[in-house]
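So you can see what is in the structure, the chains are spelled out below.
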Amino acid sequence: MTINWTDDKDTFGRMFVLTQNKLFSQLCNAVDNEGADLSDALSWGQLKSKRWLVSELEKLNLDLGIIFLCAGWYATLAPMLFESSCIIDKIRSFDIDPLCERVAETINKEKVKNNWQFKAATVDIHNLIYENFKYETHRYDGSKLQLTDSANTIINTSCEHIQNFDVWYNKIPSGKIVILQTNNYFEIEDHINCSNNLREFRIQTPMTTLLYEGELVLDKYTRYMRIGIK
Ligand SMILES: C[S@@+](CC[C@H](N)C(=O)[O-])C[C@H]1O[C@@H](n2cnc3c(N)ncnc32)[C@H](O)[C@@H]1O
């Protein structure tokens, strides 16, 4: 067995040796080989918000089918969903930042290798189509790959980041499962679509059937979540 990690600060590498859980080696590779800075993605606020999402979804016991993870960033939500009791066919993560694709795939490497149960692509979510969406992604060797997917479920935990949010939301066909989070953390420059409270978020995200809504008070901000059928 060859272990190349020499950095004593490399907690993920050492956790992999301790547990043999592949998620740790994938996180380690994302940092060491893909230059990912996971400090924000794995902050308490982000992790608690995503654990809250997964816990509420598990209670609903829905068949989520194919998930489009919109503005999916490093797709740290994907391993949490795959490890949960949620019923999932595939996850597709779309982010406008080209650096995210490779990092997200590295963090979800085992699911990429498993018949592309996970894939990431560089896409402006305003350009998404939810039925037979044809998009370009890449194989591990960097060669281009065309995929076509249809979404059953749309998750966006980055609603506070989305310009022209209403235009994006209006394009989602009715009948889709939608799982949305935003927050009231107005102080961050990139947060151009925060909500002051759950009522404001409700007005922005009309649903025909509401399955869950709530708020999670965190140290620096409050996160709002709505789950339902569009
Ligand atoms: C900082 S991250 C996510 C924070 C969020 N609270 C979460 O954990 O999901 C916000 C992401 O939204 C992405 N983003 C913003 N606008 C987008 C768009 N129009 N299409 C795709 N991705 C977008 C950014 O590139 C970034 O990766």
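Residues numbered from 1 in each chain as written. Predicted model: local features only at pLDDT ≥ 70, side-chain atom pairs only at ≥ 80, totals over all residues.

A. View of the overall build of the protein chain. When you go through the protein chain residue by residue, the secondary structure sums to eight helices and nine strands. Against the compact-globule benchmark of 17 Å for 230 residues, the protein chain has a radius of gyration of 17 Å, which places it among compact chains. Dimensions along the principal axes, computed over C-alpha positions, put the protein chain at roughly 55 × 40 × 35 Å. Relative to its full complement of 230 residues, the protein chain shows a buried share of 35%. Residue pairs in contact within the protein chain that sit at least 24 positions apart in sequence constitute 61% of those at least 6 positions apart. (Helix = DSSP H or I, 4+ residues; strand = E, 2+ residues; numbered from the N terminus. Rg over C-alpha atoms; globule rule 2.2 N^0.38 Å. Buried ≥ 20, exposed ≤ 12 C-beta atoms within 10 Å, placed from the backbone. Contact = placed C-beta atoms within 7 Å.)

B. Fine view of the site of the ligand. Taken together, the neighbourhood of the ligand is formed by 15 residues, with Ala71, Ile96, Asp97, Ile125 and Thr157 sitting nearest. Considered class by class, the residues forming the shell around the ligand number seven nonpolar, five polar and three charged. (Near = placed C-beta within 6 Å. Nonpolar A, V, L, I, M, F, W, Y, C, P; charged D, E, K, R; others polar.)

C. Spotlight on the packing of helix H2 (residues 22-32) against helix H5 (residues 98-107). Close contact between H2 and H5 brings their axes to 7 Å; oriented N to C, the two are set at 155°. Classified by the angle their axes make, H2 and H5 are roughly antiparallel. Mapping the contact onto sequence places Gln26, Leu27, Asn29 and Ala30 in H2 and Val103, Thr106 and Ile107 in H5. Among the residues making up the contact of H2 with H5, the classes are represented as four nonpolar, three polar and no charged. (Axes fitted to C-alpha atoms, helices over the stretch in contact; angles between N-to-C directions. Parallel < 35°, antiparallel > 145°, perpendicular 65-115°, else oblique.)

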